[in-house]
Amino acid sequence: MEHVLIPPHGNVLVNRVLSPEHAKVAKEKAASLVQITIDEEQIKDIKNIARGVLSPLTGLMNEADFVRVVNEMRLANGILWSMPMVLDVSEEEAGRMKTGDEVALIDEQKNVIAILHVGDIYSYDAMHVTRQVYGTNDQAHPGVDRWMKMKPLLVGGLIDLVDNSKEPYYEFNLDPLETRFLFKTRGWKTVVGFQTRNAPHRAHEYLQRIGLELCDGLFINPIIGMKKVGDFKDEMIMKTYDYMAKQVYAKDRVVCSILPSRMNYAGPRDAIYHAIIRKNFGCTHFIVGRDHAGVGDYYGTYAAQEIFENIAAEDIGITILKLENSFMCKKCETVSTSKTCGHQDSDRVPPSGTKIRNLLTEKKPVPWEIMRPEVVEILLSVDNPFVE
Amino acid sequence: MTKLITISDQLFLELEGVLKKKGGAADIHAYVEELLQKALLAETDGIYKPHDEAEIRDRLKSLGYID
Ligand SMILES: [Zn+2]
């Protein structure tokens, strides 16, 4: 019985994926509807909503949800929610639709992605949104930059997904229903979720091992999609984690599947968002390290952990594992944290993303204290493991 | 076809309580599941992709997630 797993957020696992027959009808109908072109990141949002990844959202936010999420981190009905999920449109586009209409959302190649049942069409104050959601108005922050460049109006409404394709990496792209089934099949009662956008180094592995010691299973769920120059290519993240799951960790204790999603870099609010998504996938626990989902110096080191202190356990519903940064200690002769190692900084080899990137770019091996040699080998087997 | 759904512990316990009081259902889990499936199917009227456990199992098998 499914209820032995954690309930999804808001208690309903949303399904807005049209059946093949209804998708065909919708596709034909779309030719006669107003069409709005959406970009790759918006397509990911829409697919995530339809597949239940963002349960209980059933569509793009109407104004009441949007305003309350921005100001109070709650949906209009009071359910905890941290990130606005919206579609921005121009005055001209808004002029072609009204509440109650059906609109076709299409990609740049004119493929029909979804039907939007138009709800509210409303304006917003981008400066207010970014101050509330990202804690800054600095346009150097990628999340702020996005909001500053958005079209002037937002449109909300229910989504019906027409295009349920899962490329790229369809073989690693599981829906919440599938992960929940998988966890249940493996007999897991507790599952810890791990968010990442990197190939694994020793400190990541250490956090995952702590999670695995505490829970029956580990769900590694890398965010796949648009990245910054210098980030690991999606393919390298998949390859290295596939290796970890199949060759390093105990058999049938780890599931690795991707999360196609935009990167928000919203620090504390993102930590809540990431936790809710993993709860929908069926995780009972979620790891939040230091500097979770941050960028630059916008958030305090522990901000993403501290935000959970003011959230009631029943509101978030998933247990947050707040973990420390780790390093290899030469004197401890193992990976340690400031909680477990009493040695000097000079004895410690911390994992530095910059150092890893520089060494790999120069085709030099990363020291074994920082990254597993087998993982390094995978990363060195291609011309460039990083986004150019 | 079994439609996989998820309900809160609280809702499950409430439903179980009602059923126990009324008596009759041999397997309360199965009964609650069937009841909720009916309600959900009525609500969506087959518009959305059905949650077919056999299909999920096949896909997970073909991708190597389960044996
Ligand atoms: Zn030490």
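Keep in mind that this is a model prediction, so the values were computed, not measured. (Residues numbered from 1 in each chain as written. Chains lettered and ligands numbered in written order. Predicted model: local features only at pLDDT ≥ 70, side-chain atom pairs only at ≥ 80, totals over all residues. Heavy atoms only, no water.)

Caption draft 1: Looking closely at the overall build of chain B. Across its full length, chain B carries three helices and zero strands. In chain B, buried positions account for 33% of the 67 residues. Expressed as a percentage of contacts within chain B between residues at least 6 apart in sequence, the contacts between residues at least 24 apart total 56%. Looking at chain B as shown, the accessible area adds up to about 4,300 Å², and 53% of this sits on carbon and sulfur atoms. (Helix = DSSP H or I, 4+ residues; strand = E, 2+ residues; numbered from the N terminus. Buried < 20%, exposed > 50% of the residue type's maximum accessible area, 1.4 Å probe, protein only. Contact = heavy atoms within 4.5 Å. Areas by Shrake-Rupley, 256 points an atom, 1.4 Å probe, with all protein chains shown as cover.)

Caption draft 2: Main features of the nonpolar core. All names here are of chain A. Judged by nonpolar contacts, the single largest core of 91 residues is most densely connected at F66, W81, L105 and F308. It is helix α10 (residues 268–281) that provides the largest number of residues to this core, a total of seven residues. Split by domain, the residues of this core number at least three in each of domain 1 (9–161) and domain 2 (170–379). Ignoring any residue separated from it by four or fewer positions in sequence, one finds F66 in contact with M61, P84, V86, Y122, Y124, V129, W147 and L154. (Core = buried A, V, L, I, M, F, W, Y, C linked by side-chain atoms within 4.5 Å. Domains from an automatic or database assignment.)

Caption draft 3: Inspection of the confidence of the model for chain B at higher detail. Residue and element names in this part refer to chain B. Predicted confidence across chain B gives a mean pLDDT of 72, with 49% of residues reaching 70 or more. Across chain B, helix α3 (residues 53–62) holds the top mean pLDDT of 95, while helix α2 (residues 28–44) sits lowest at 62. Both confidence scores are given for the complex: pTM 0.89, ipTM 0.90. (pLDDT = per-residue confidence, 0-100.)

Caption draft 4: Local environment of the coordination of the zinc ion. All names here are of chain A. Every protein donor of the zinc ion is listed here as C329 (SG), C332 (SG), C341 (SG) and H343 (ND1), and their distances to the metal cover 2.1 to 2.3 Å. Because the angles between the four donor atoms bound to the zinc ion fall within 101 to 115 degrees, the donor set is best described as tetrahedral. Expressed as a motif, the donor residue spacing for the zinc ion is C-x2-C-x8-C-x1-H. Within this pair, whereas C332 is found in the loop between β13 (326–329) and β14 (334–337), its partner H343 is found in the loop between β14 and β15 (348–349), the two being separated by eleven residues in sequence. (Donors = N, O, S within 2.8 Å, 3.2 Å for Na, K, Ca; no water. Tetrahedral: all angles 85-135°; square planar, octahedral: opposite > 155°, others 65-115°.)

Caption draft 5: Focus on the pattern of salt bridges. Scanning the model with the defined rule gives 28 salt bridges over all chains in all. Salt-bridge contacts for K98(A) lead to D101(A); the nearest nitrogen and oxygen are separated by 3.2 Å. A relative accessible area of 53% places K98(A) in the exposed class. Taking the shortest distance from any N to any O, the salt bridge between K184(A) and E53(B) comes out at 4.0 Å. Taken together, the positions of K184(A) in helix α7 (residues 176–185) and E53(B) in helix α3 put the pair across two chains. (Salt bridge = Lys/Arg side-chain N within 4 Å of Asp/Glu carboxyl O.)

Caption draft 6: Broad picture of the sheet that holds β15(A). Residues and elements named next belong to chain A. One open sheet holds the three strands; their spatial order is β14-β13-β15, and the pairing between them is antiparallel. Across the chains shown, the open sheet's two edge strands, defined by having one partner strand only, are β14 and β15. Bridge count between β13 and β14: four bridges; the pairing is antiparallel. Within the sheet, the bridge partner assigned to C329 lies in β14 and is T334. (Pairing = 2+ DSSP bridges.)

Caption draft 7: Fine view of the side chain of H9(A). Residue and element names in this part refer to chain A. Following the sequence through the fold, H9 ends up in the segment before α1 (20–30). Here K279 takes part through its side chain, which lies 2.8 Å from a polar atom of the side chain of H9. H9 has contacts with S55, P56, I79, L80, W81, I276, K279, N280, D315 and I316, leaving out every residue within four places of it along the chain. (Polar contact = N/O pair within 3.5 Å; in protein donor to acceptor, adjacent residues only side chain to side chain.)

Caption draft 8: Examining the state of the cysteines more closely. Within this structure, the stated rule accounts for zero disulfides over all chains. Its sulfur unpaired, C283(A) is 8.7 Å from the next cysteine sulfur, which belongs to C215(A). (Disulfide = S-S within 2.5 Å.)

Caption draft 9: Examining the packing of α7(A) against α10(A) more closely. Residues and elements named next belong to chain A. For the pair α7 and α10, the least separation of the axes is 7 Å and the interaxial angle reads 60 degrees. Taken together, the axes of α7 and α10 are oblique relative to one another. Counted together, P176, T179, R180 and F183 of α7 and K279, N280 and F281 of α10 form the full contact between these two elements. (Axes fitted to C-alpha atoms, helices over the stretch in contact; angles between N-to-C directions. Parallel < 35°, antiparallel > 145°, perpendicular 65-115°, else oblique.)

Caption draft 10: Just the environment of A275(A), in detail. Residues and elements named next belong to chain A. The residue A275 is located in helix α10 in this model. Classification of A275 by relative accessible area gives buried; the value is 0%. The spacing of A275 and I318 is 43 residues in sequence and 7.1 Å in space, taken between C-alpha atoms. Residues contacting A275, with those up to four places away along its chain left out, are F286, F308, I316, I318 and I320.

Caption draft 11: How the structure looks around the packing of aromatic side chains. All names here are of chain A. Scanning the model with the defined rule gives nine aromatic pairs over all chains in all. Summarising the aromatic geometry, the rings of F183 and W188 are spaced 5.4 Å apart at their centres and angled 25 degrees between planes, so their arrangement reads as stacked. Overall, the relative accessible area of 3% leaves W188 in the buried class. Among the aromatic residues, those joined into a ring-pair cluster are F66, Y122, Y124 and W147. (Phe/Tyr/Trp six-rings, centres within 6.5 Å; stacked < 30°, edge-to-face > 60°.)

Caption draft 12: Inspection of the interface of chain B and chain A at higher detail. Contact residues are listed per partner, giving 24 residues for chain B and 34 residues for chain A. Where chain B abuts chain A, roughly 2,700 Å² becomes buried across the two surfaces, and 63% of that area is made up of carbon and sulfur atoms. Counting the contacts that link chain B with chain A gives two salt bridges. Among the salt bridges present, the one from E178(A) reaches R59(B), with a minimum N-O distance of 2.8 Å. Connecting chain B to chain A are eleven residue pairs in polar contact (both at pLDDT 80 or more). Secondary structure elements with two or more residues in the side of chain B that touches chain A: α1 (9–22), α2 and α3 of chain B. Examining the composition of the side of chain B that touches chain A, we find that five residues originate from one element, α3(B), more than from any other. Of the residues assigned to the side of chain B that touches chain A, the class counts are twelve nonpolar, five polar and seven charged. (Buried area = accessible area lost by both parts, 1.4 Å probe. Nonpolar A, V, L, I, M, F, W, Y, C, P; charged D, E, K, R; others polar.)

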